[in-house]
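One-letter residues, chain by chain:
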Amino acid sequence: MTNMKKRIAAALTATTLTIGLTIPAMAAEAPDEPVRVSSYKGSTLEVGERSGLIVGPSGANYTVTSSNPDTVAVEQVLTFWVAVAKSEGTAEITVSNNSGECGAVTLTVGAAADPAPPVEDDNTGLTDNMEIRQEMIRLINQTRKVNGVSELSVNEALMNAAQVCSNRRYTWHHAPEEGQAAAEAGYPYGFGDNLTVFTGTVDAAQCAVDNWINSPSHFETMIDPRCDCIGVGVTQYDGITYCYMFVGIPNSVNFYA
């Protein structure tokens, strides 16, 4: 059983990813289209869902309207626009610039899916393993300082969100659940996050940070100069350690909120 856990943990640590404001690959737009607009979550939404609108070219001022606000409303969040699915039906979202050039996307809203059953955690609280978590933050800030970027202040909302996710004992990233955890904890912006899972409970903070340092994508998230705050979560269960790092990116959007 121990050898099996080691093999599983090694594989999981090698395959963890980061999330935040990464925009998914999209099909190329027609080169003569003056204004481009698409929905981050696709053209079909469920009632109650929110989806960021990806508008280009960047750097211009846009006006965004909905043909049916009772079905899909649009909201501006800082410099971003968000579509909010209100009721079943179809609405056309139109984006226009100061020159009168327009682009549009049609969004269809369906009934909300039945909620997924709650994920059973190991009943650890949001303040558990605080000594390990504080050491992780110290090591992460030490790494940032060595690499010429500012240290991060601790954010209570991100601490709680990271602990919620580690308590669920995820072994790979669950982007919607992670985004919802941050929003429900009260963090209003987008963020980046790292996950690592490994066998053993000794020197957990150092093991977690070493894993992220040795993975290029995780390392880049850890030293991202855009970030200004941090929260971490640690759960230890049946000899396995689950660690999360959430780093806040101010003035950005959490598309899963």
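Residues numbered from 1 in each chain as written. Predicted model: local features only at pLDDT ≥ 70, side-chain atom pairs only at ≥ 80, totals over all residues. Heavy atoms only, no water.

Would you take a moment to explain unusual backbone geometry for this structure?
Negative phi is the rule for most residues except glycine; trans is the rule for most peptide bonds. Positive phi values are uncommon outside glycine, yet N129 reaches one of about 55 degrees. Its place among the elements puts N129 in the loop between β8 (102–110) and α2 (130–146). (Helix = DSSP H or I, 4+ residues; strand = E, 2+ residues; numbered from the N terminus.)

In this structure, what is going on with the sheet that holds strand β7 (residues 89–97)? I would like to understand it.
The strands that make up a sheet pair up through hydrogen bonds in the backbone, lying either parallel or antiparallel. With mixed pairing, four strands are arranged side by side in an open sheet as β2-β8-β7-β4. The open sheet has two free edges, formed respectively by β2 (44–46) and β4 (62–66), since each of these has just one partner strand. In this sheet, neighbouring strand axes are inclined to one another by 30 degrees on average, regardless of whether the strands run parallel or antiparallel. Pairing of β7 with β8, which is carried by eight bridges, proceeds in the antiparallel orientation. (Pairing = 2+ DSSP bridges. Axes fitted to C-alpha atoms, helices over the stretch in contact; angles between N-to-C directions.)

Can you help me understand the sheet that holds strand β9 (residues 153–154) in this one?
Taken together, four strands build an open sheet; the order of strands is β9-β11-β12-β10 and the sheet is mixed. Both edges of this open sheet fall to β9 and β10 (190–199), since each of them pairs with a single strand only. Two strands pair when backbone bridges link them, and strand β11 (residues 229–237) and strand β12 (residues 240–249) are joined in this way by nine bridges, in the antiparallel orientation. Pairing of G233 across the sheet is with Y244, part of β12. Lying on the sheet, helix α4 (residues 175–185) is in contact with β10 and β12; it crosses β10 at an angle near 120 degrees. Lying over the sheet, helix α5 (residues 204–213) contacts β10, β11 and β12, oriented at roughly 115 degrees with respect to β10. (Contact = heavy atoms within 4.5 Å.)

Could you clarify how one ought to interpret the packing of aromatic side chains in this entry?
Working definition: an aromatic ring pair is given by the centre-to-centre distance plus the angle between the planes. This model, assessed by the stated rule, comprises three aromatic pairs. Their ring planes at 85 degrees and their centres at 5.8 Å tell us that Y187 and Y189 sit as a pair that is edge-to-face. Given a relative accessible area of 29%, Y189 falls into the partly exposed group. Aromatic side chains F191 and F246 sit 4.9 Å apart centroid to centroid with 10 degrees between the ring planes, which places their arrangement in the stacked category. (Phe/Tyr/Trp six-rings, centres within 6.5 Å; stacked < 30°, edge-to-face > 60°. Buried < 20%, exposed > 50% of the residue type's maximum accessible area, 1.4 Å probe, protein only.)

What's the story with α2 in this structure? I'm lost.
Residues that lie three or four places apart on an α-helix share one face, since the helix turns once every 3.6 residues. Compared with an ideal rise of 1.5 Å per residue, which puts 17 residues at 24 Å, α2 spans 24 Å between its outermost C-alpha atoms and is within 8% of the ideal. Inspection of α2 places R133, M136, I137, L139, I140, N141, T143 and R144 among the buried residues, and these make up the whole buried set. Close packing links the buried residues of α2 with β9, α3 (156–167), α5, α6 (216–222), β11 and β12. Phi turns positive, to about 80 degrees, at G148, one or two residues after α2. (Expected span 1.5 Å × (residues − 1).)

What is the right way to read the packing of α2 against α5 from this model?
The axes of two packed helices give the description: the angle between them and the distance between them. At their nearest, the axes of α2 and α5 sit 8 Å apart, and the two run at 35 degrees to each other. Of the two possible hands of crossing, α2 and α5 adopt the one that is right-handed. Each of I132, E135, M136, L139, I140 and T143 in α2 lies in contact with α5, whose residues at this interface are A204, A205, Q206, A208, V209, W212 and I213. Within the contact of α2 with α5, the residues separate by chemical class into ten nonpolar, two polar and one charged. (Left-handed = near helix turned anticlockwise from the far one by under 90°. Nonpolar A, V, L, I, M, F, W, Y, C, P; charged D, E, K, R; others polar.)

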